[in-house]
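Inside the fold
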Amino acid sequence: ICERALEHSPDLIAITGDLLTMESQSDPSVLERAFEPLAKLEGKVFACFGNHDHEARETVETALANLGIELLVDSMTVADTRLGPVEIVGSDFHWRNRREKLSALFEDIGPHNGTPRVLLLHDPGAFWHVPDGAVDLALSGHTHGGQLGLVSFGSAWTVVSATSKVPDHGLWGHGRKRLYVHRGTGHYGFPVRLGV
């Protein structure tokens, strides 16, 4: 996946968390080997923590640092692109008090000044708590596209959409904010992903 991404000469690469799970922590070099192609894109690759990354914080931090991938934990940086600067904000994964944590994050980094601003937000359920106008685009993962659903058959229905209001895949909007939820590339626990 990383090698295919490089073929497109990307301006930026956003990694929205859950890089390791309990099943893949036995060899700390696994993550570094997987993301090694991205080391060629110094200053263009940014990541945030997902919930499973908290199980192996030091492993994730070390691998990303060794590859020159900037891990944003409730912080912001500015990336230079062919179209000019882009502010990249990375939110840590928070189980509780998401509204308060996101409010504090945007208070700390200051108001949106018109420079394009992208938020790396692992959990799309937290999107509703992002202050309106604080970002132009949020990028999330977490839901595995709903894990089980009928998306592959032309329906938007998934197990996640049937049981919650969490955005589970694709493009969403709320006020002036936009969110894209990536379906991810793996699974957690049982190796089952059907229809997504």
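Note that residues are indexed from 1 along each chain, following the sequence as it is written. Residues qualify for local features only when their pLDDT is at least 70, as the model is predicted, and side-chain atom pairs are given and counted only at 80 or more; totals for whole chains, interfaces and linings, by contrast, use all residues. Side-chain measures were taken over the full set of non-hydrogen atoms in the model, leaving aside hydrogen atoms and water.

**Description of the side chain of Ser140**
Relative to the helices and strands, Ser140 is located in strand S7 (residues 137-140). Among the polar contacts made by the side chain of Ser140, one reaches the main-chain carbonyl oxygen of Leu121 at a distance of 2.4 Å. Residues count as neighbours in contact if any of their non-hydrogen atoms are within 4.5 Å of one another. Once residues lying within four places of it in the same chain are set aside, the contact partners of Ser140 are Thr16, Leu121, His122, Asp123, Pro124, Leu179, Tyr180, Val181 and His182. Each helix is a run of H or I in the DSSP string that is no shorter than four residues. Each strand is a run of E no shorter than two, and both are numbered from the N terminus. Two N or O atoms form a polar contact when they lie within 3.5 Å of each other; inside protein one atom must be a possible hydrogen donor and the other a possible acceptor, and for residues adjacent in sequence the pair counts only when both atoms belong to side chains.

**Quick word on empty space enclosed by the protein**
Using a 1 Å grid laid over the protein atoms alone, points where a 1.4 Å probe fits but cannot get out form a cavity; open sets with protein on both sides within 12 Å along at least 5 of 7 lines form a pocket; any residue with an atom within 4 Å of a point counts as lining. Grid points are joined across faces, edges and corners, and a volume is the space filled by probe spheres set on the points. All told, the structure shown has one cavity of 30 Å³ or more when counted by the stated rule. Computed from the structure, the largest cavity encloses a volume of approximately 70 Å³. Every residue along the wall of the largest cavity is listed here: Ser91, Asp92, Phe93, His94, Arg98, Leu102, Leu121, His122, Asp123 and Ala126. Of the residues belonging to the lining of the largest cavity, the class tally is four nonpolar, three polar and three charged. Just so you know the grouping, Ala, Val, Leu, Ile, Met, Phe, Trp, Tyr, Cys and Pro go in nonpolar, Asp, Glu, Lys and Arg go in charged, and all remaining residues, Gly too, go in polar.

**Regarding the pairing of S7**
Note: two strands are recorded as paired if DSSP finds a minimum of 2 bridges between them. Both strand S6 (residues 117-121) and S7 contribute to a ladder of three bridges, which runs parallel. By the bridge assignment for S7, Leu119 is matched with Ala138. The pairing of S7 with strand S9 (residues 177-181) spans three bridges and is parallel. Each residue of the ladder has a partner; that of Leu139, found in S9, is Tyr180.

**Points about the sheet that holds strand S2 (residues 45-47)**
Taken in spatial order, the three strands of this open sheet run S1-S2-S3, and their pairing is parallel. Strand pairing shows two members of the sheet lacking a second neighbour, strand S1 (13-15) and strand S3 (70-71), which therefore form its edges. Two elements, S1 and S2, share three bridges in a ladder whose sense is parallel. Across the sheet, residue Ile15 finds its bridge partner in S2, namely Ala47.

**A look at unusual backbone geometry**
Even without a glycine there, the phi angle at Ser9 is positive, about 45°. Looking at the secondary structure, you find Ser9 in the loop between helix H1 (2-6) and S1. You will see that Asp74, though not glycine, has its phi angle at about 50°, which is positive. Structurally, Asp74 is set in the loop between S3 and strand S4 (75-81).

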